[in-house]
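Observations on chain architecture
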Amino acid sequence: EFYKGRASAHEGQKHYQQAIDDWKKVLELVGTKATDRLARRDARRHMVQIITRWGQKEQQYKRDWDAQFKAGVAEAGYFLVEYYGRKPMKGEPLATLEALHKRVPDDQDVTLDLVKTYRNQRRYDDAVSMLLELAKAVPSREREVYWQISEIKREARKDVEAREWQEKALAKSPSDPTAYMRIAEGYAEMQQFPEAIAAYEKTVQLDPRNAKAQFALAQLYVQGGQPMKAAELLRSVMRNANDEEIVGRAGREAIDLEEMTDTLGELEKVVSPLSFMMAHKPIYRRVLVDLYLRYVPRLVERERHGTDDVRRAARKELTRIGGHGLQPLLEALRDEKDVSQQRVAVAVLGHLGNKGAAAPLVRMARQEPTKDAPRQIGTLREDVDLQVRVAALVAAGRLGDPNVLADVLPMTENSEVAMREAATFTLGRSGDRRAVAPLLKLVNDRRPSVQTLACLGLGQIDDPRTAPALIATLSDPRHDDSTRAACAYAIGTRKITSAIPALIGALGDNRGEAQRLAAWALGQIADPKTVGPLIRAYFSRVGRSDDELVWAIGRTSGANVPALTYMAYGEYPLRSNKYNAAEAIANLPGDLPRPAAGNKLVVEHADDIAKGLLEALAEHRDVVVAVLADLDGDPVQLGLGALTPKTSDPKLAAALSTISEKIAPAVSAQLASEDPKVRALAVSVMAKLDGGKVKGADAAITKALADPIDPVRASAMNAIATLSIRRGSPPADLLAQLTKTLASGPWADRRVAALALGRLGAASDTGALIKAAGDGSSFVREAVAISLGTSKSPTALEPLLTLTRDEVAQVRAAAARALAGFKDERAVKRRAELAADPDPVVRAAVAAPDPQKS
């Protein structure tokens, strides 16, 4: 030991010769017995390492070893093996190992080194032969030899033989879990997963604490489509493992797995008792807290956006967790050494509904930064603690505990905007009348986000002082749109009827969120007198969402639409660690049912609808386009967007006629618009207004047929078909212009003309269509085939048969679909032939016999 220590010291000081001399002395002192082989091998390895590092006498030593080995000195062979292990040469160290094995056949280490070399060179048969020789010489090593042979057979891709040798090895130790573990690993490597699972299960049965086998088995269960078996196995590991690292890994994998299987609630019932029983091991509490981070947000999402049953179930589960999960979460909140655990506790506690967490959360929020906190540079303050403190105060606010008001009030004066916002939120969530006075003051805060939160807070408190402030803020257009919208939402929540004039005013004074939520608030109040302003606002919404307006119109018109009962006051979206008022308001009021439009609404409020349409048609281009699109929404008659009834009766027809008469001049005026999209929509709407006292559709269509813009001409041609359907037959002069266009217009116009003639049905000019079947454009021929199919005229059969032989697949497909409406034997036979057409488009057309399926 003395010489070994001094040799290391010499080597460290680069006194290589002295180090070599010391290792030689070690070899002299160690002895040459079989029990000394390991020590001698270690000494030789160190000597060769120093010689090759030194380099000066390397070749001299190698020549000496070569000469000595040839002279029969086995020790020199050992040195050569070590040397070639560091500096391999062609055929070495294999040749030296084979020669050394012949001289010292009883040295098992040499035999195993030779086996290893054979395996590296893929001489698997030689390696197996050498191992069998070892097993014969040393029967006690048979089990080890058989395992090695099975591994070699597996490397040689001889899986059957590998399994045979595994079974031989297992027979030597049938109750050894390590043996089954090695078998399982072999099966997994060979991708024989059912066998691997069985072997791993046997391993776990013999050694229930073998975590490596349990994790591998869980992974195979998941791969094999048995995730619940994997989940139960990982739960068992957490129950029985003693090592905290293993418990942590099992917890992480279980959370990942059971989040996918939606069984986090069942896992929580396992981990929660463990965190109490094993309180002396913080790992269980950390796993539980991490589980809450994954599970609670899922429940919160269900409570916010689910059906009533889903919401009740989610709240029940959150309450259950809040009942027994408070203690570990509060421990995590106090864990100053693990900031991540604190963050999780803050993120979760506010949603559990247990007010016992409110005071600790507020205490955390009130903690001032430590003296060594990052300093302020200009207006930029980088304070890592601020984000956690704000989140803690928001979480306390979600719990709605009025007992924390005294501690929260001072924070409404905080210079940090984020803290002031969170404090305002918490005041409102308390629902306590003591918070009204400070909230009324905060409505006039210099920050719009604080004003928005103050308005939302007032909506949660039943106090007569709130109504005047909310109405005044909503009525003042100088306030930020989000703030006014928040006041409208608060008014709707409290159903303040005195605010109806202010809400009606907000419907028309801007195009922002205040208008949308004012409509919702009017729907909540459901005063029938407000249906008119709501209808007028619907048509001037400028392409914005109409959900709130349609819902409110349904409520106020007596459509038996229930009021909204769930108020989303607990939302607190963040952007750059500050309250994102725009996002919060955009998410209000949440999903609304869409009531079906009824005839009664149109019949009783035709004047309001007409007035709303006229106001919208006098607006700028975007509003006009949106309104004309609504009016053009029905195929034949006047459309009213979401207010269009699904059925018709004489009263409805009379009401639509009244509306048509009142808006016809305004629609006609749009025919002269510079915008071609407006002109195209206007000419289409004019055709749907036609009838009674409304005239001028023919002139409008005639003018539009000569328009220089393609879409306008196309709209006019389709309007001819609309007129034909409404009147029972097309105007003769317009039909003549349509057939003329089909014969001589540009190809795009010819195509539209062909389709428009198809819409005329029996009133169509079949002769013109038959003549156009030979058009030079395949697009026109395709349209002709479609229209001939809808005409059902006997004279259409022959040209359709001709079109089924067109060179363009789309034309043949259209003709094949059209033939489905003919019972003639030739049509049936030709369709059968087209079922074998080389083009899949044609074959698909034959497979869909309904001509409308295209």
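Residues numbered from 1 in each chain as written. Predicted model: local features only at pLDDT ≥ 70, side-chain atom pairs only at ≥ 80, totals over all residues. Heavy atoms only, no water.

1. Focus: the overall build of the chain
Worth spelling out the cut-off: Counting from the N terminus, the helices are DSSP H or I runs at least four residues long and the strands are E runs at least two residues long. Radius of gyration means the value over C-alpha atoms here, while the globule rule gives 2.2 Å times the residue count to the 0.38 power. Accessible area is worked out with a 1.4 Å probe on protein chains only. A residue is then buried under 20% of its type maximum, exposed over 50%, and partly exposed in between. Whether two residues are in contact is decided by their heavy atoms: any pair within 4.5 Å suffices. The accessible surface values rely on the Shrake-Rupley method and a 1.4 Å probe; as for residues, cover is taken only from the protein chains in view.
Counting secondary structure elements, the chain contains 48 helices and 4 strands. The C-alpha atoms of the chain give a radius of gyration of 43 Å, which is well past the 29 Å a tight globule of 854 residues would have. Counting across all 854 residues of the chain, residues that qualify as buried make up 53%. Within the chain, contacts between residues at least 6 apart in sequence are counted, and of these 62% link residues at least 24 apart. When the accessible surface of the chain is totalled, it reaches about 40,100 Å², and 51% of it is carbon and sulfur.

2. Regarding empty space enclosed by the protein
Selection rule: As defined here, a cavity is a set of points on a 1 Å grid over the protein atoms alone where a 1.4 Å probe fits but cannot get out. A pocket is an open set with protein on both sides within 12 Å along at least five of seven lines, and residues line them when an atom is within 4 Å of a point. Grid points are joined across faces, edges and corners, and a volume is the space filled by probe spheres set on the points.
This model, assessed by the stated rule, comprises 2 cavities of 30 Å³ or more. Taken as a whole, the largest cavity encloses approximately 80 Å³ of empty space. Taken together, T424, F425, L453, L456, G457, Q460, A568, Y569, E571, Y579, A584 and L588 make up the full set of residues lining the largest cavity. It is helix α26 (residues 448–458) that provides the largest number of residues to the lining of the largest cavity, a total of 3 residues.

3. Quick look at the pattern of salt bridges
To keep it simple, the criterion reads: Salt bridge, as applied in this entry: a Lys or Arg side-chain nitrogen positioned within 4 Å of an Asp or Glu carboxyl oxygen.
Enumeration over the complete set of coordinates arrives at 62 salt bridges. Here R53 makes a salt bridge to E11, at a shortest N to O gap of 3.0 Å. In this pair, R53 sits in helix α3 (residues 37–54) while E11 sits in helix α1 (residues 2–12), placing the two residues 42 residues apart along the sequence. Judged by relative accessible area, E11 falls into the buried class, the value being 12%. For the salt bridge of E232 with R239, the shortest nitrogen-to-oxygen distance reads 3.4 Å. Sharing partners across several salt bridges, the network here consists of R41, R45, E82, D109 and D113.

4. Focus: the nonpolar core
Short version of the rule: Working definition of a nonpolar core: buried Ala, Val, Leu, Ile, Met, Phe, Trp, Tyr and Cys residues. They are joined through side-chain atoms within 4.5 Å.
Counting 273 residues, the largest nonpolar core has L361, L628, L631, V667 and L800 as its most contacted members. Among the elements that take part in this core, helix α17 (residues 282–305) stands out by supplying 11 residues, more than any other. In contact with V667, other than residues within four places in its own chain, are L617, L628, L631, A682, V685, M686 and L689. Core analysis: the next-biggest nonpolar cluster, separate from the first, contains 7 residues, A809, A813, A816 and V842 among them.

5. Brief notes about the side chain of Q460
Using the following cut-off: Identification of polar contacts relies on pairs of N or O atoms within 3.5 Å, with a donor-acceptor requirement for protein atoms, meaning one able to donate a hydrogen and the other able to accept it, and with residues adjacent in sequence counted only if both atoms are side-chain atoms.
Relative to the elements of secondary structure, Q460 occurs in the loop between α26 and α27 (466–475). Taking relative accessible area as the criterion, Q460 reaches 18% and is therefore assigned buried. Side-chain polar atoms of Q460 contact the backbone oxygen of L456, separated by 3.2 Å. In this structure Q460 touches G428, R429, G431, R494 and Y569, once residues within four positions along its chain are discounted.

6. Side note on the side chain of R41
Along the chain, the position of R41 falls in helix α3. Residue contacts for R41: discarding those within four places in its chain leaves E82, D109 and D113.

7. Description of the packing of helix α35 (residues 606–617) against helix α36 (residues 621–631)
Note the threshold: All axes here are fitted lines through C-alpha atoms, helices being fitted over the stretch that makes contact, and every angle between N-to-C directions spans 0 to 180 degrees. By the definition adopted for this analysis, an angle is roughly parallel if under 35 degrees, roughly antiparallel if over 145, roughly perpendicular if from 65 to 115, and oblique otherwise. In this count, Pro and Cys sit with the nonpolar residues alongside Ala, Val, Leu, Ile, Met, Phe, Trp and Tyr, while Asp, Glu, Lys and Arg are called charged and the others, Gly among them, polar.
It is the contact of α35 with α36, at a shortest axis distance of 8 Å, that shows an interaxial angle of 140°. Judged by the inter-axis angle, α35 sits oblique to α36. For the pair α35 and α36, the contacting residues are L613, A616 and L617 in the first and V623, V624, V627, L628 and L631 in the second. Class assignment for the residues of the contact of α35 with α36 results in 8 nonpolar, no polar and no charged.

8. Considering helix α31 (residues 531–539)
Within α31, 9 of the 9 residues are buried, leaving the element largely enclosed by the surrounding structure. Considered for burial, the residues of α31 that qualify are V531, G532, P533, L534, I535, R536, A537, Y538 and F539. Check the buried side of α31 and you find it contacts α29 (500–509), α30 (513–525), α32 (547–556), α34 (599–604), α35 and α36.

9. Focus: the confidence of the model for the chain
Keep this limit in mind: Across the chain, each position has a pLDDT score giving the predictor's confidence in that residue, from 0 to 100.
Mean pLDDT over the chain works out to 88, with 97% of the residues at or above the 70 mark. Below pLDDT 50 for its whole length, residues 377–384 participates in 7 contacts with residues either more than four positions away or in separate chains.

10. So, the packing of aromatic side chains
Where we set the bar: Note on aromatic pairs: the rings of Phe, Tyr and Trp (six-membered ring only in Trp) are paired at centre separations within 6.5 Å, and the planes decide the class, stacked below 30 degrees, edge-to-face beyond 60, tilted for the rest. Working rule: Lys NZ or Arg CZ, within 6 Å of ring centre, within 35 degrees of ring normal, means a charge sits over the ring.
Per the stated rule, a full pass over the model turns up 13 aromatic pairs. Note on Y489 and W520: the rings are 4.7 Å apart at their centroids and 20° apart in plane angle, and the pair reads as stacked. Taken together, the residues span a long stretch of sequence, with Y489 in helix α28 (residues 481–494) and W520 in helix α30 at a distance of 31 residues. Like Y489, the residue W520 is buried in the burial classification. Put simply, the rings of Y61, W65, F79, Y83 and Y84 touch in pairs and so form one group of aromatic residues. Directly above the aromatic system of W165 lies the positively charged group of K168, at a separation of 3.9 Å from the ring centroid. Sitting above the plane of the F215 ring, R249 keeps its charged end 3.9 Å from the centroid.

11. So, α17
Basically, it comes down to this: Residue count minus one, scaled by 1.5 Å, sets the expected span of a helix. Here the bend at a residue is taken as the angle between two axes, fitted respectively to the seven residues that end there and the seven that start there.
An ideal rise of 1.5 Å per residue puts 34 Å on 24 residues; α17 measures up with 35 Å between its terminal C-alpha atoms. Of all the bends found along α17, the most pronounced is centred on L293 and spans about 25°, while P297, a proline, follows it within four residues.

12. Brief notes about unusual backbone geometry
A cis amide bond links E92 to the next residue, P93, at an omega of 10°. Omega for the bond connecting L588 with P589 falls within 30 degrees of zero, at 0°, which places this linkage in the cis form. Inspection of the secondary structure puts P589 in the loop between α33 (581–586) and α34. Positive phi is not limited to glycine here, since R157 has a value of about 65°. You can see R157 is positioned in the loop between α9 (142–155) and α10 (159–172). When its relative accessible area of 68% is taken as the criterion, R157 is described as exposed. One non-glycine residue, D262, lies in the positive phi region at around 60°. Checked against the element boundaries, D262 lands in the loop between α15 (244–260) and α16 (264–277).

13. Examining the environment of A756
When you line up the elements, A756 lands in helix α42 (residues 747–759). Owing to a relative accessible area of 0%, A756 belongs among the buried residues under this scheme. Through-space distance from the C-alpha of A756 to that of A721 is 5.9 Å; in sequence the pair is 35 residues apart. Not counting residues up to four positions away in its chain, the partners in contact with A756 are M717, N718, A721 and L738.

14. Here we look at the environment of E245
Relative to the assigned elements, E245 resides in helix α15. In this structure E245 comes out as exposed when scored by relative accessible area, which is 64%. Sequence-wise, E245 and Q17 are 228 residues apart; in three dimensions their C-alpha atoms are separated by 47 Å.

15. Points about the environment of N444
Among the secondary structure elements, N444 is positioned in the loop between α25 (436–442) and α26. Since its relative accessible area comes to 60%, N444 is described here as exposed. Separated by 371 residues in the primary sequence, N444 and A815 have C-alpha atoms spaced 71 Å apart.

16. Here we look at the packing of helix α18 (residues 308–324) against helix α19 (residues 326–334)
Close contact between α18 and α19 brings their axes to 5 Å; oriented N to C, the two are set at 65°. Considered as vectors, α18 and α19 are oriented roughly perpendicular to each other. Along its contact with α18, which presents I321, G322 and H324, the element α19 presents L326, Q327 and P328. Here the residues of the contact of α18 with α19 are counted per class, giving 3 nonpolar, 3 polar and no charged.

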